[in-house]
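# Coordinates in review
In case you want the letters, here they are:
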Amino acid sequence: MDIPRIFNITESAHRIHNPLTPEKLATLGAALRLEKGTRLLDLGSGSGEMLCTWARDYGVIGTGIDMSRLFTEQAKLRAAELGLADQVKFIHGDAAGYVSDEKVGVAACLGATWIGGGVSGTIELLAQSLRPGGIILIGEPYWRQLPPTDDVAKGCLAHSISDFLLLPELIASFGRLGYDVVEMVLADQDGWDRYEAAQWLTMRRWLDANPGDELAKDIRDKLNSEPERHAAFTRKYLGWGVFALMRR
Ligand code: SAH
């Protein structure tokens, strides 16, 4: 079981697989006023940077589940490097339908809400692991400005304009699901550059090292087109944020 190999190549050097910078990730942890010993569940935990740094900085404990074998391995190495092996655990697996045995104070899914079939399904899934009064974290894109056409939305790697909402609409949608939005930290365009542009150097180095690989042509095509696509579309139209929710 694994995610498509191309992501394990293009994001192999990422610690954070979303447009939040390390500073913003720390800001989010501080904003949540986490108490030492707070239990956290992270579905689609990637390379584990949120759990590891919040365990180090705020004393949280918890579990991350991710379908990428490589990212999960990197998360385990990061935990070991920071001396956190007894605080955090990373499981390689499909997080769809995953409910924790012990209820958690924070249940998160950042940049992977397809795991629950979309935002509302993911909130429902996370809520099953949450203790009363706990916080759900959802990391999700939104439109900074509405794309004029579906082609522009496709340029942002969405299927159509209807994939995402404008920020006030996204916030309103959480209210309609019965949740207070109690905090948020939004990425900015520099953060998008860290997420997107960091893939370009990774791709170039990978191409130099793996010229005969069966994915070499795909990666070459991607490296040819990605910088311009990012500048023209994602950077201009797409926002991204983490929203902290509490049940009303
Ligand atoms: N939350 C992490 C990773 C976001 S990228 C971060 O913000 O850094 C999306 C992640 O979802 C990837 O790590 C990918 O491997 C993982 N993923 C995709 N489908 C999954 C599934 N069904 N179950 C668990 N993880 C999944």
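Below or above, wherever it landed, is the structure these notes cover. (Residues numbered from 1 in each chain as written. Predicted model: local features only at pLDDT ≥ 70, side-chain atom pairs only at ≥ 80, totals over all residues. Heavy atoms only, no water.)

### Observations regarding the packing of aromatic side chains
Going by this rule: Any two of the Phe, Tyr and Trp rings considered here, Trp counted by its six-membered ring, make a pair once their centres fall within 6.5 Å; the pair's planes then place it as stacked at under 30 degrees, edge-to-face at over 60, or tilted in between. In DSSP terms, a helix is any run of H or I states spanning at least four residues, a strand is any run of E spanning at least two, and both are numbered starting from the N terminus. Note on classification: 1.4 Å probe, protein chains only; a residue is buried when its accessible area is under 20% of the maximum for its type, exposed when over 50%, partly exposed between these limits. Two thresholds decide whether a charge sits over a ring: the Lys NZ or Arg CZ must be within 6 Å of the ring centre and within 35 degrees of the ring normal.
Overall, the coordinates contain 3 aromatic pairs when judged by the stated rule. Aromatic side chains Phe-174 and Phe-243 sit 5.4 Å apart centroid to centroid with 40° between the ring planes, which places their arrangement in the tilted category. Of this pair, Phe-174 sits in helix H7 (residues 167–176) while Phe-243 sits in strand E7 (residues 238–247), and the two are 69 residues apart along the sequence. No difference in accessibility class separates Phe-174 from Phe-243, as the two residues are buried. Positioned above the aromatic ring of Tyr-179, the side-chain terminus of Arg-247 is 5.0 Å from the ring centre.

### Considering the site of the ligand
Quick reminder of the rule: The rule for a residue being near a molecule or strand is that one of its heavy atoms must lie within 4 Å of it. Within 3.5 Å is the distance limit for a polar contact, defined as a pair of N or O atoms, with the added protein rule that one can donate a hydrogen and the other accept it, and that residues adjacent in sequence qualify only through two side-chain atoms. Residue-level accessible areas treat just the shown protein chains as cover; the underlying method is Shrake-Rupley with a 1.4 Å probe.
Lining the immediate surroundings of the ligand are 19 residues, of which Asn-18, Gly-44, Asp-66, Asp-94 and Ala-95 lie closest. Gly-44 places a polar main-chain atom, nitrogen or oxygen, 2.6 Å from a nitrogen atom of the ligand. Between Asp-66 and the ligand, the recorded distance is 2.6 Å, taken from a side-chain N or O atom to an oxygen atom. In the complex, the protein chains occlude 91% of the 570 Å² of accessible area that the ligand would expose alone.

### Focus: unusual backbone geometry
One non-glycine residue, Arg-33, lies in the positive phi region at around 50°. Here Arg-33 is to be found in the loop between helix H2 (22–31) and strand E1 (39–43). A positive phi is found at Leu-157, a non-glycine position, where the angle reads about 65°. On the basis of relative accessibility, which here comes to 57%, the residue Leu-157 falls in the exposed class.

### Thoughts on the environment of Ala-198
Following the sequence through the fold, Ala-198 ends up in helix H8 (residues 189–209). Residue class for Ala-198 comes out partly exposed when judged on its relative accessible area of 27%. Sequence spacing of Ala-198 and Ile-171 is 27 residues, and the spatial spacing of their C-alpha atoms is 29 Å.

### Thoughts on the side chain of Thr-21
Mapped onto the secondary structure, Thr-21 falls in the loop between helix H1 (5–10) and H2. Accessibility expressed as a relative area gives 15% for Thr-21, which makes it buried.

### Some words on the layout of surface pockets
The following threshold applies: Here a cavity denotes a set of grid points, spaced 1 Å apart and computed over the protein atoms alone, in which a 1.4 Å probe fits but from which it cannot get out, and a pocket denotes an open set meeting protein on both sides within 12 Å along at least five of seven lines; residues with an atom within 4 Å of a point are reported as lining. Grid points are joined across faces, edges and corners, and a volume is the space filled by probe spheres set on the points.
Its boundaries defined by the atoms lining it, the second largest pocket holds a volume of some 400 Å³. Every residue lining the second largest pocket is counted, 24 residues in all, and those nearest its centre are Ala-13, His-14, Arg-15, Ile-16 and Pro-22. The set of elements that each furnish at least two residues to the lining of the second largest pocket consists of H2, helix H3 (49–58) and H8. The element best represented in the lining of the second largest pocket is H8, accounting for 7 residues.

### Remarks on the packing of H2 against H3
Spelled out, the test is: Geometry is summarised by axes, namely lines fitted to C-alpha atoms with helices restricted to the contacting stretch, and by angles between N-to-C directions that run from 0 to 180 degrees. These descriptions rest on fixed angle ranges, namely under 35 degrees for roughly parallel, over 145 for roughly antiparallel, 65 to 115 for roughly perpendicular, and the rest for oblique. Left-handed describes a crossing in which the near helix is turned anticlockwise from the far one by less than a right angle; the clockwise case is right-handed. We call two residues contacting when some pair of their heavy atoms lies within 4.5 Å. Under the convention adopted here, Pro, Cys and the residues Ala, Val, Leu, Ile, Met, Phe, Trp and Tyr are nonpolar, Asp, Glu, Lys and Arg are charged, and Gly plus all remaining residues are polar.
One way to put it is that H2 packs onto H3 with a least axis distance of 10 Å and a crossing angle of 55°. Comparing their axes, H3 and H2 come out oblique. Where H2 crosses over H3, the two elements pack in a sense that is right-handed. For the pair formed by H2 and H3, the contact residues are Leu-25, Ala-26, Leu-28, Gly-29 and Ala-30 on the first element and Glu-49, Met-50, Thr-53, Trp-54 and Tyr-58 on the second. Considered class by class, the residues forming the contact of H2 with H3 number 7 nonpolar, 2 polar and 1 charged.

By themselves, these are just geometric observations and shouldn't be taken as functional.
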